[in-house]
Each structure stands twice: as structure tokens, then as C-alpha cells.
Amino acid sequence: MTELDLDALIDDAGTRIIVTCGAGGVGKTTTAAALGLRAAERGRKVVVLTIDPARRLAQSLGLTELDNTPRAVAGVKAANGGRLDAMMLDMKRTFDDVVLQHATPDKAEQILANPFYQALSSSFAGTQEYMAMEKLGQLHKQAEQNGDWDLIIVDTPPSRSALDFLDAPERLASLLEGRFLRLLLAPARGPFKLMSAGVSMAMSVLNKVLGAQVLTDVQTFVAAFDTLFGGFRQRAEQTVALLREPHTSFLVVAAPQNDALREASYFAERLRAEGMPLAGVVLNRVTNSQATELSAERSLAAAEKLEEADKSPLTAAVLRLHADKMQQVVGDHRRADRFRRGHRAIRTVEVPALADDVHDLTGLRQIGDLLTA
């Protein structure tokens, strides 16, 4: 079991991309922001791409809002030319940008106005994950061409499965290039004209299932989108290849709870199987106590004695609160230790739980110190 050295990771000029991932609600976004701030203050030019962060995180970065454009974070104690930019993924705007970049003006206008496209680009399952990949590819290209940043930190979308970030782009690309959507073009082109009776029957069924207007919207979208189909898969494959490069590091974040640790184990194994570089695991929000010499059992026993004697009810209540906390301390450390024993080849770092939420750069610096302690 080896300690994860995150200062060494962010100081290494060969580290160009860090991807934080894990279950929802474990502190991925805060970890990404804290690492970004620490790296900037140690001389790196950093952009942090967050996915749906809480408003208080934008405030902690000194920004009134985060949007699809990287914005400079003020108050960073940048040294040696370091800087920090931050942005939040706007999946519809990113999708729109892809269309505008790769389609002719007339086709782009048709696509952007199409109701099916508007639904696909704003709410279809997997779109957020795919657009996170698209935005990562755009940022990496900009960094390579213009030298705007030398470190990109990506906070992956919260999801029910840690595999979504890796699998959703392929699923969306497969949908956009799939036989079903291409069938909708059949009456207008190609050898399907020779099978017009069969196609007409299929269209009749689809009309009844989807409704005439929905089917028309889908057909219009596919006809306008046809020239862009191949690009989606190509860019998805390029970004996945980028994630396998030695300059990329994945950082799995997990709270010391059974579900989060199971997901972390699953993701770590998947990364290994996919040949993607895992830097290590952050065991986040681990409960600690400054009074570990007083165990939960002793604290409860003392509280019961005071209550039986009808003495010091306030002291008894404090002892019971301490007992509850010590039970959580013991449970968190037992689960964290079990995870480390089961994954001896994976580097880990343990971050204690804080009493308050992070709400400013000072709080993010504190998280950065704990991540690298």
C-alpha cells in the first residue's frame, strides 16, 4: 500500500490531463477545483472543466457564475506564471458549437431549428458525457495550438455508473450512425428505393408508434445531419485514445461508504482493463476525532451511569454524541482500510471530513493541503 503523492502529479510537466471520477456526491468537483488551484499556485497554467457544480463552488472560485467559456479565477496566488481558469460544461451549447463547426451554414440552421435535435442535444441519455468528451478534445486542441494551458482537469459528470463517462460517447455515436436512423433516410436515396413497399410498411408502423410529426422531425434531422455522422465516432475515438496517453491521469474519488467504495473498485478495474492510466484513489471525507482515546463503548457506558444517577444531563448528551462520532470514525477507517488491503497496487490518499462546506479560495487551499499532506 503506497501513499498517493498528488503534489508530484501536478508538478510533473508531463501530466497534461487529470480526470476525476467516481460516484456522485463524493467530492469530485471540490477535489478537481482544489487540485486546479494548488497546481496554479505552484506554477501551472490550469483550466478546470466542471460538470454541474453547486453554486457555492462558483462562489468559492470568486465567480458569480460558470459557463461554457473558460474564465480567469481572481485571487490566485500564482507563481512562476501560473494561472487558473474555470468553466462549466453547457452540453447544448457544446453540441451547437460542434454543428456550427462541422456543417455548412444552411445545414447548421436546419439542424439547430429541428425539434428532434433540440431534444437530443439537451436531454438525451449520454449526451452530457459525450459533450464532456467533445469539450475535453476542444480544450486539448486549444492548449496544444495556443499554449493557453499546460494542465486540464476534468470533473466527470455525476452518474449512476462510473462507466458512463467511458461508454456513453460510443453509445451516442452508435445511435447517430445506427441503422435505425439511416433507415429513416431510405425513401430518399440508395438501394432502398428498390424496396419501397417494405420501407413504406416500416414507415407506416413508425408513424403509428411515434406520431407523424415526430417521425417527420426525426427524418428531417437525419437528412440534415447525414454529413456529420462519421465525425462523431472519429472524435470519440480520438478522445478515448487521448485518455490512454501517458500524459493523462485518472483520479478516482470515493467516500468511505460501501456503495462509493464498490464503485471505486469497479472503475479502477475498468480503467486497468481499458489501459487507462490510474494515478490513484482519494479516500475523501473520512471521519476523524481528536479524542480517540475515549472509545464509543466507554463513552456510552459513562453516559448511562450519569443518566442512571440523574446527574449532568448535558454531559451525558455530549458523551452520547461523542459515541456516535466514534462509531462513525471506526466504521470509516475500517472500510477505508479494507479497500486499501483489497487494492494494494493502487496508491491512495486519505482526506479527513471537514466541519463546513468549502465556500472560498481559502477553503479550497485547505482541501489542497489535505490532499497532499
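Fair warning: this is a prediction, and the values are worked out from it, not measured in the lab. (Residues numbered from 1 in each chain as written. Predicted model: local features only at pLDDT ≥ 70, side-chain atom pairs only at ≥ 80, totals over all residues. Heavy atoms only, no water.)

Here's the deal with helix α6 (residues 115–123)
- Those residues of α6 that sit buried are Tyr117, Leu120 and Ser121. Viewed along the axis of α6, the buried residues span an arc of 90 degrees, placing them on a single side of the element.
- By the N-cap criterion, in which a side-chain oxygen at the helix start approaches the backbone nitrogen of a residue two or three places on, α6 is capped by Asn114, the distance to Tyr117 being 3.1 Å. (Buried < 20%, exposed > 50% of the residue type's maximum accessible area, 1.4 Å probe, protein only. Helix = DSSP H or I, 4+ residues; strand = E, 2+ residues; numbered from the N terminus. Arc of directions from axis to C-beta. Polar contact = N/O pair within 3.5 Å; in protein donor to acceptor, adjacent residues only side chain to side chain.)

Let's talk about the environment of Ala13
- Within the secondary structure, Ala13 sits in the loop between α1 (6–11) and β1 (17–21).
- Measuring from C-alpha to C-alpha, the distance between Ala13 and Leu151 comes to 8.4 Å, with 138 residues separating the pair along the chain.

Brief notes about the packing of helix α4 (residues 91–102) against α6
- Two elements in contact, α4 and α6, have axes separated by 7 Å at closest approach and are oriented at 125 degrees. It follows from the interaxial angle that α4 and α6 lie oblique. As for how α4 packs across α6, the hand of that crossing is right-handed. Facing α4, whose interface residues are Met91, Lys92, Phe95, Asp96 and Val99, α6 presents Tyr117, Leu120, Ser121, Ser122 and Ser123.
- Tallied by class, residues from the contact of α4 with α6 come to 5 nonpolar, 3 polar and 2 charged. (Axes fitted to C-alpha atoms, helices over the stretch in contact; angles between N-to-C directions. Parallel < 35°, antiparallel > 145°, perpendicular 65-115°, else oblique. Left-handed = near helix turned anticlockwise from the far one by under 90°. Contact = heavy atoms within 4.5 Å. Nonpolar A, V, L, I, M, F, W, Y, C, P; charged D, E, K, R; others polar.)

Concerning the environment of His322
- For His322, the position within the fold is in helix α15 (residues 313–342).
- Considering only alpha carbons, one finds His322 and Ser295, 27 residues apart in sequence, at a separation of 8.6 Å.
- The residues touching His322, leaving out its near neighbours within four places in the chain, are Ser289, Ala291, Leu294 and Ser299.

As for the pattern of salt bridges
- Evaluation of the coordinates by the stated rule reveals 18 salt bridges.
- One salt bridge in this structure joins Asp369 and Arg38, with 2.8 Å as the shortest N-O distance. You can see Asp369 sitting in helix α16 (residues 361–371) and its partner Arg38 sitting in helix α2 (residues 28–41), a full 331 residues away along the chain.
- Given the relative accessible area of 44%, Asp369 is considered partly exposed.
- Here Arg262 ties to Asp259 by a salt bridge, and the two come within 2.3 Å at their closest N and O atoms. Here the residue Arg262 and the residue Asp259 both occupy positions in helix α13 (residues 258–274), the gap between them amounting to 3 residues, near one helical turn. The residues Arg262 and Asp259 share a single accessibility class, namely exposed. (Salt bridge = Lys/Arg side-chain N within 4 Å of Asp/Glu carboxyl O.)

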